[in-house]
Amino acid sequence: MMRSQTGFSIHSRVSVMMDPTLAEMGNHLSDAMKILESGKLESEQGKERRKLSWKDIPGPLQGDGQDVVSILQLVQNLMHGDDDQQGQRMQYVGEQGHMALLGHSLAAYISVLERERLRKLTTRILSDTTLWLCRLFRYENGSAYYHEDDREGLVKVCRLVINTHYEDYATEGFTMLSSKHPVIYQSAACRPGLGQHLCSQLALPLSCLCIVPCNTMFGSLHQMDVALLDKLIRDDRESGKVPLLLIANAGTPGAGHTDKLSRLKELCVQYNMWLHVEGVNLATLALGQVSSAVTAATKCDSMTLTPGPWLGLPAVPAVTLYRHEDPALSLAAGLTSSQPVEKLRALPLWLSLQYLGHDGILQRIKHASQLSQQLLEHLKTLASIKTSDILDSEVSLIEALCMVEDELNSPVVVFRFSQDSAPSSGGSVEGYFAGERDVLDVLNRWLGEQLAQQVPLSGVDVVELEDEGTCVRFSPLMTAAALGTQENDVAALVEKLGEMIPVLSCTLRYRQDFKDEVLQQASLSYIEDLSWPGLGGVRYEPRATDLDEDKRQHSVEKINSDLLKKLMELDTDLYFSGGPEFCEEKNCIFIGMATEDLDVAELVETIVSIGREIEESGKLFENMTEVVRRGIQEAELQLQKANEEKLMEEGVLRQIPLVGPVLNWFSPVQASVKGRTFNLAEGCLDSTEPVYSVKAQMNKEASLDSPKSITKRFPGQKLFRRHGAGSDSVSDTSSVSQLEESFRETAHVQANNADEAEVPEERHVHIVEETALSDQRVPEGQETESVDTLR
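Each chain has its residues counted from 1, following the order in which its sequence is written. Local features are withheld for residues below a pLDDT of 70 in this predicted model, meaning they are given only at 70 or higher, and side-chain atom pairs are given and counted only at 80 or more; totals for whole chains, interfaces and linings count all residues. Side-chain descriptors were evaluated using all non-hydrogen atoms of the structure, hydrogens and water having been removed beforehand.

1. Brief notes about the overall build of the chain
The following threshold applies: Only DSSP runs of H or I with at least four residues qualify as helices, and only runs of E with at least two residues qualify as strands; both kinds are numbered from the N terminus onward. Partly exposed describes any residue whose relative accessible area lies between the buried limit of under 20% and the exposed limit of over 50%, with all areas from a 1.4 Å probe on protein chains only and scaled to the type maximum. Should any heavy atoms of two residues lie within 4.5 Å, those residues are counted as being in contact. In short, Shrake-Rupley with a 1.4 Å probe defines the accessible areas, and a residue's cover is counted only from the protein chains shown.
Summing up its helical and strand segments, the chain has 28 helices and 17 strands in all. Sorting the 791 residues of the chain into buried and exposed places 42% on the buried side. In the chain, the proportion of contacts linking residues at least 24 apart, taken out of those at least 6 apart, comes to 71%. About 43600 Å² of surface is accessible on the chain, with carbon and sulfur atoms providing 54% of the total.

See the structure below:
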């Protein structure tokens with residue numbers, strides 16, 4: 001039967017089964033998974049109701065039960081929550097993922113079969129899966145243990161080794177270990193907590209765990225030091241201890257490096273030790289061409305495989321392959337079981353391996369290896385991009401850490417931004433940032449987070465290495481099958497990386513310049529925080545010295561809070577923040593990553609000027625209460641005085657209700673209106689008489705000086721940017737003089753080409769003068785007449 005990419009589904013595969021109950025269960029499961037993935041089960045009305053009434057409070061168990069649709073609705077709500085607003089849906093697992101999920105339901109169904117039939121079926125499933133895995137990964141004559149926790153297989157193997165070395169351990173227990181302490185050796189590059197987990201599960205003291213350091217002089221820094229391991233084993237044997245087991249790596253969790261497995265196997269044979277190997281590089285054993293370092297893993301005593309992430313299969317167990325001749329000891333250690341239900345753990349993997357087939361499995365592993373090699377080749381190209389003069393060139397500062405001898409198919413690429421070759425022109429990197437690993441670490445963490453956010457299908461993440469520091473890791477074997485990573489995603493990753501390298505380089509160069517500029521300002525304090533990925537932090541300090549500590553702290557908090565809001569409203573590409581989440585310094589302003597055309601001096605001057613304005617306005621508001629109180633009192637006195645003058649001027653008869661209107665009809669009074677303004681700065685009342693004359697004069701001056709209002713910034717140029725940055729004619733520190741010169745040249749050309757426009761311009765000036773003069777206030781006593789005329 002031909003299988004198309006879209007037309008062949010679990011529906012069709014299940015429907016051909018002979019058992020109608022099994023086919024019906026498979027169809028229901030397929031429909032349920034599609035509903036949960038699509039998220040279309042809930043109506044729009046139901047979504048609105050859930051938004052209003054959703055609570056994480058468990059309700060009572062209903063007595064009459066619920067139907068399948070209602071239960072699936074509840075599961076969907078728990079899975080997705082409020083992700084509808086953010087557009088985040090469950091990752092599509094594909095048909096091979098559906099097969100793995102189907103295996104769990106089939107295992108529950110098969111477990112109710114008659115015992116003898118169940119035994120035959122589980123034996124077939126277990127033997128088939130074990131045979132396929134041993135052939136795929138070149139592990140001859142091996143047995144398999146399937147487990148959910150990828151550390152559980154190693155725990156069982158340790159029990160097997162203990163039972164092998166201590167014959168009476170099954171009856172005597174820990175008393176057998178007290179006389180001769182067992183020792184488990186593991187590399188310092190192993191995943192954290194592995195050795196502690198073993199000791200906890202085996203009830204062994206931590207003194208039974210020996211951490212073997214990695215190479216310090218020869219070989220990879222992530223490979224186990226074989227010579228030192230040999231010395232440690234000999235010392236332990238001389239002290240009466242029993243070396244039991246050695247845990248080696250075929251792909252360390254951090255950098256993906258492989259230990260010298262051939263030499264380690266020789267040591268284990270020499271000292272009668274068990275060699276266990278784990279790591280992502282074991283997946284390459286299925287390929288046609290495998291490095292000799294990884295091929296040596298086929299000779300080890302046991303290995304742990306994780307086919308789930310390698311092949312994009314959800315909820316499939318990890319597998320530990322091992323060789324041992326005594327089935328009784330394997331049963332005592334828990335590596336085998338007499339319970340048929342235990343053997344059903346292999347069912348999801350059994351179904352998925354058949355669905356993918358041999359070619360499909362190899363294609364996925366090969367595709368992941370090709371992606372890592374593609375990225376590695378691009379990183380080599382980035383690292384060699386230079387101009388003729390290295391001092392004046394911009395070098396791509398990416399240091400690849402994945403180069404290990406004889407690692408032809410390493411599926412892990414680890415790289416890091418480094419300032420070792422950073423250009424020294426235009427900045428002050430050398431000398432200041434030498435040894436500042438914390439700064440480089442936080443920049444690399446920013447780089448990894450940005451790459452993961454902007455190219456999510458690449459699957460890159462941030463990893464902490466002991467010697468190199470913070471790095472960016474690309475491990476397609478662990479992510480590509482689930483995310484669907486393709487070659488174009490790697491190309492997009494390299495493109496984004498090329499865009500971010502100049503930003504990182506400029507930030508590193510301008511960081512010291514920013515600090516120097518801030519220290520020159522008396523009103524700013526420089527905040528040293530090596531965990532901030534950017535130029536650094538500042539704090540505006542108010543100039544008032546007569547405040548107590550509490551008032552000063554409140555003033556600093558308010559000024560810097562308002563200053564941050566003002567800076568965030570500016571038209572600039574710079575990022576302003578209150579600082580990291582766990583920053584010890586408070587009331588600070590942190591500036592983010594810089595670009596090549598950043599004007600550091602203008603940035604600092606802007607911060608100072610805005611902070612000074614906020615401080616001065618704050619002082620004004622502090623005195624506002626007293627000023628307004630005194631102003632109100634003065635206004636009340638003047639109003640009372642004005643009323644008395646009005647009474648004296650108009651006479652008593654005009655104030656009588658019936659007589660006043662009649663008298664005003666025969667003899668109108670032309671009363672003058674005196675305007676008043678309240679000066680908040682001085683706290684006094686002023687006459688409005690000078691306002692009109694000042695307004696007219698200002699309009700006149702604005703009309704005459706209108707050409708000078710042209711902005712000194714070029715179209716599209718944002719704040720804190722130097723125009724034409726990078727050219728020889730522009731200063732590296734400030735662009736103010738260049739802008740002024742450019743403006744003068746533009747004004748001169750416009751003046752030479754517009755001689756005939758002079759007369760209309762003079763006429764415009766006269767019109768403005770006449771209009772401005774007409775805006776002056778009429779003399780007192782003529783207001784009423786003018787108003788009557790208008791009416």
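2. Focus on the packing of aromatic side chains
For any pair of aromatic rings, the description rests on two quantities: the centre-to-centre distance and the angle between the ring planes. Threshold: Centres within 6.5 Å are what make two rings of Phe, Tyr or Trp a pair, Trp counting through its six-membered ring; a difference in plane orientation under 30 degrees is then read as stacked, over 60 as edge-to-face, and the rest as tilted. In this scheme, Lys NZ or Arg CZ marks a charge over a ring once it lies within 6 Å of the ring centre and within 35 degrees of the ring normal.
For the structure shown, the criterion picks out four aromatic pairs. Here the aromatic rings of Trp 532 and Tyr 575 are separated by 6.4 Å at their centres, their planes lie at 15°, and the arrangement is stacked. Remark: Tyr 575 occurs in the loop between helix H21 (549-568) and strand S14 (576-577) and Trp 532 occurs in the loop between strand S12 (524-527) and strand S13 (536-540); sequence separation between them is 43 residues. Grouping aromatic residues by their ring pairs yields a cluster made of Trp 532, Tyr 575 and Phe 590. Just above the ring of Tyr 139 sits the side chain of Arg 323; from NZ or CZ to the centre is 3.8 Å. In this arrangement the basic side chain of Arg 509 is found over the ring face of Tyr 510, its NZ or CZ atom lying 5.7 Å from the centre.

3. Structural notes on the sheet that holds S14
Quick reminder of the rule: Two strands qualify as a pair provided DSSP detects at least 2 bridges between them. Under this scheme, a helix contributes an axis fitted over its contacting stretch, all axes are lines through C-alpha atoms, and angles between N-to-C directions fall in the 0 to 180 degree range.
Across the sheet, which stays open at both edges, the four strands sit in the order S12-S13-S15-S14 with antiparallel pairing between neighbours. Unpaired on one side and paired on the other, S12 and S14 mark the two borders of the sheet. The pairing of S13 with strand S15 (residues 589-591) spans three bridges and is antiparallel. The residue bridging Gly 537 from the neighbouring strand is Phe 590, located in S15. Relative to the sheet, helix H20 (residues 487-519) contacts S12, S13 and S15, its axis offset from that of S12 by approximately 150°. Helix-sheet contacts for H21 involve S13, S14 and S15, and the interaxial angle to S13 is about 125°.

4. Some words on the sheet that holds strand S3 (residues 209-212)
The strand order across the open sheet formed by seven strands is S1-S7-S6-S5-S4-S2-S3, and the pairing between neighbours is mixed. Two strands close off the open sheet at either side, each with one partner strand: strand S1 (143-147) and S3. Taken pair by pair, the neighbouring strands of this sheet meet at an average axis angle of 20°, ignoring direction. Contacts between helix H11 (residues 226-238) and the sheet are confined to strand S2 (182-187), S3 and strand S4 (242-249), with S2 contributing the most and set at about 170° to the helix.

5. Side note on the nonpolar core
Condition: Put simply, buried Ala, Val, Leu, Ile, Met, Phe, Trp, Tyr and Cys residues joined by side-chain atoms within 4.5 Å make one nonpolar core.
Counting 72 residues, the largest nonpolar core has Tyr 185, Leu 229, Leu 246, Val 277, Leu 282, Met 303 and Trp 310 as the members making the most contacts within it. With ten residues, the top contributor of residues to this core is helix H17 (residues 347-383). If you look at the next biggest cluster of nonpolar residues, it comprises 29 residues, including Leu 371, Leu 447, Ile 501 and Leu 508.

6. Considering the pattern of salt bridges
Our working definition: A carboxyl oxygen of Asp or Glu within 4 Å of a side-chain nitrogen of Lys or Arg is what we treat as a salt bridge.
Taken as a whole and assessed by the stated rule, the structure comprises 20 salt bridges. Ionic pairing is found between Glu 342 and Arg 345, a salt bridge with its closest N-O pair at 3.2 Å. You can call Glu 342 partly exposed: its relative accessible area is 38%. Exposure remark for Arg 345: the relative accessible area of 26% places this residue in the partly exposed category. Here the salt bridges share partners, and the residues they tie into one network are Asp 150, Arg 191 and Glu 278.

7. Quick notes on H20
The α-helix advances 3.6 residues per turn, and as a result positions three or four apart in sequence lie on the same side. How we decide: Any helix carries an expected span of 1.5 Å times its number of residues minus one. One axis is fitted to the seven residues ending at the residue and one to the seven starting there. The bend at that residue is the angle between these axes.
Along its 33 residues, H20 runs 48 Å from first to last C-alpha, staying within 8% of the 48 Å computed at 1.5 Å per residue. Approximately 35° is the largest bend angle found in H20, and it occurs at Tyr 510.

8. Focus: helix H10 (residues 194-202)
Turning to H10, its buried residues number three or more, namely Leu 194, Gly 195, His 197, Leu 198, Cys 199 and Leu 202. If you follow the buried residues of H10, they end up packed against helix H7 (152-165), S2, S3, S4 and strand S5 (274-278). Of the residues flanking the end of H10, it is Ala 203, one or two places downstream, whose phi is positive at about 60°.

9. A word on the environment of Gln 454
Convention followed: We define a polar contact as two N or O atoms separated by no more than 3.5 Å, with the added condition that, inside protein, one atom must be a possible hydrogen donor and the other a possible acceptor, whereas residues neighbouring each other in sequence contribute only through side-chain atom pairs.
Counting through the fold element by element, Gln 454 comes out in helix H18 (residues 437-454). The exposure class assigned to Gln 454 is partly exposed, which follows from its relative accessible area of 37%. Sequence separation between Gln 454 and Leu 493 is 39 residues; the distance between their C-alpha atoms is 8.4 Å. In this view, Gln 454 contacts Lys 496 and Met 500; residues no more than four positions away in its chain are not counted. A polar atom in the side chain of Gln 454 sits 3.5 Å from the side chain of Lys 496.

10. A short note on the packing of H18 against H20
To be explicit about the condition: Here is the rule for angles: anything less than 35 degrees is roughly parallel, anything more than 145 is roughly antiparallel, 65 through 115 is roughly perpendicular, and the remaining ranges are oblique. Throughout, a crossing is termed right-handed when the near helix is turned clockwise from the far one, and left-handed when it is turned anticlockwise from it by less than a right angle. For this classification, Asp, Glu, Lys and Arg are treated as charged, while Ala, Val, Leu, Ile, Met, Phe, Trp, Tyr, Cys and Pro are nonpolar and the rest, including Gly, are polar.
Running from amino to carboxyl end, H18 crosses H20 at an angle of 150°, the nearest separation of the two axes being 11 Å. Taken as axis vectors, H18 and H20 run roughly antiparallel relative to one another. Relative to H20, the crossing made by H18 is right-handed. In contact with Val 439, Leu 440, Leu 443, Trp 446, Leu 447, Gln 450, Leu 451 and Gln 454 of H18, H20 contributes Leu 493, Lys 496, Leu 497, Met 500, Val 503, Leu 504, Thr 507, Leu 508 and Arg 511. Partitioned by chemical class, the residues of the contact of H18 with H20 number twelve nonpolar, three polar and two charged.

11. A word on a nonpolar patch on the surface
Note the threshold: Excluding any residue in a salt bridge, patches collect residues exceeding 30% relative accessible area, merging like charges within 9 Å and nonpolar Val, Leu, Ile, Met, Phe, Trp and Tyr side chains within 5 Å.
On the surface, Ile 71, Val 75 and Met 79 cluster together into a nonpolar patch covering about 220 Å² of accessible area. Its relative accessible area of 42% is what places Ile 71 among the partly exposed residues.

12. A closer look at the side chain of Glu 278
Summarising the element assignment, Glu 278 is placed in strand S5. In this structure the side chain of Glu 278 is engaged in a polar contact, spanning 3.2 Å, whose partner is the side chain of Arg 191. Residues within four places of Glu 278 in sequence aside, it is in contact with Arg 191, Leu 194, Ala 248, Asn 249, Ala 250, Gly 251 and Thr 304.

13. Here's the deal with the packing of H7 against H10
At a minimum axis separation of 10 Å, H7 and H10 run at an interaxial angle of 55°. Taken together, the axes of H7 and H10 are oblique relative to one another. Here the hand of the crossing between H7 and H10 comes out right-handed. On H10, the residues touching Leu 154, Val 155, Cys 158, Arg 159 and Ile 162 of H7 are Leu 194, His 197, Leu 198, Gln 201 and Leu 202. Its residues placed into classes, the contact of H7 with H10 shows seven nonpolar, two polar and one charged.

14. A word on the environment of Leu 508
Structurally, Leu 508 can be placed in helix H20. Take Leu 508: its relative accessible area is 2%, and that puts it in the buried class. Through-space distance from the C-alpha of Leu 508 to that of Ala 594 is 8.6 Å; in sequence the pair is 86 residues apart.

15. Side note on the environment of Ile 607
As for its placement among the helices and strands, Ile 607 is situated in helix H22 (residues 600-622). With a relative accessible area of 0%, Ile 607 lands in the buried category. In contact with Ile 607, other than residues within four places in its own chain, are Leu 524, Val 538, Leu 563, Leu 567 and Ile 591.

16. As for unusual backbone geometry
Its identity is not glycine, yet Asn 141 carries a phi of approximately 55°, on the positive side. With respect to the helices and strands, the residue Asn 141 is situated in the loop between helix H6 (115-136) and S1. By relative accessible area, which is 74% here, Asn 141 ends up exposed. Phi at Asn 272 is positive, roughly 55°, even though this residue is not glycine. Positionally, Asn 272 belongs in the loop between helix H12 (261-270) and S5.

Limitation: the analysis is restricted to geometry and does not speak to function.
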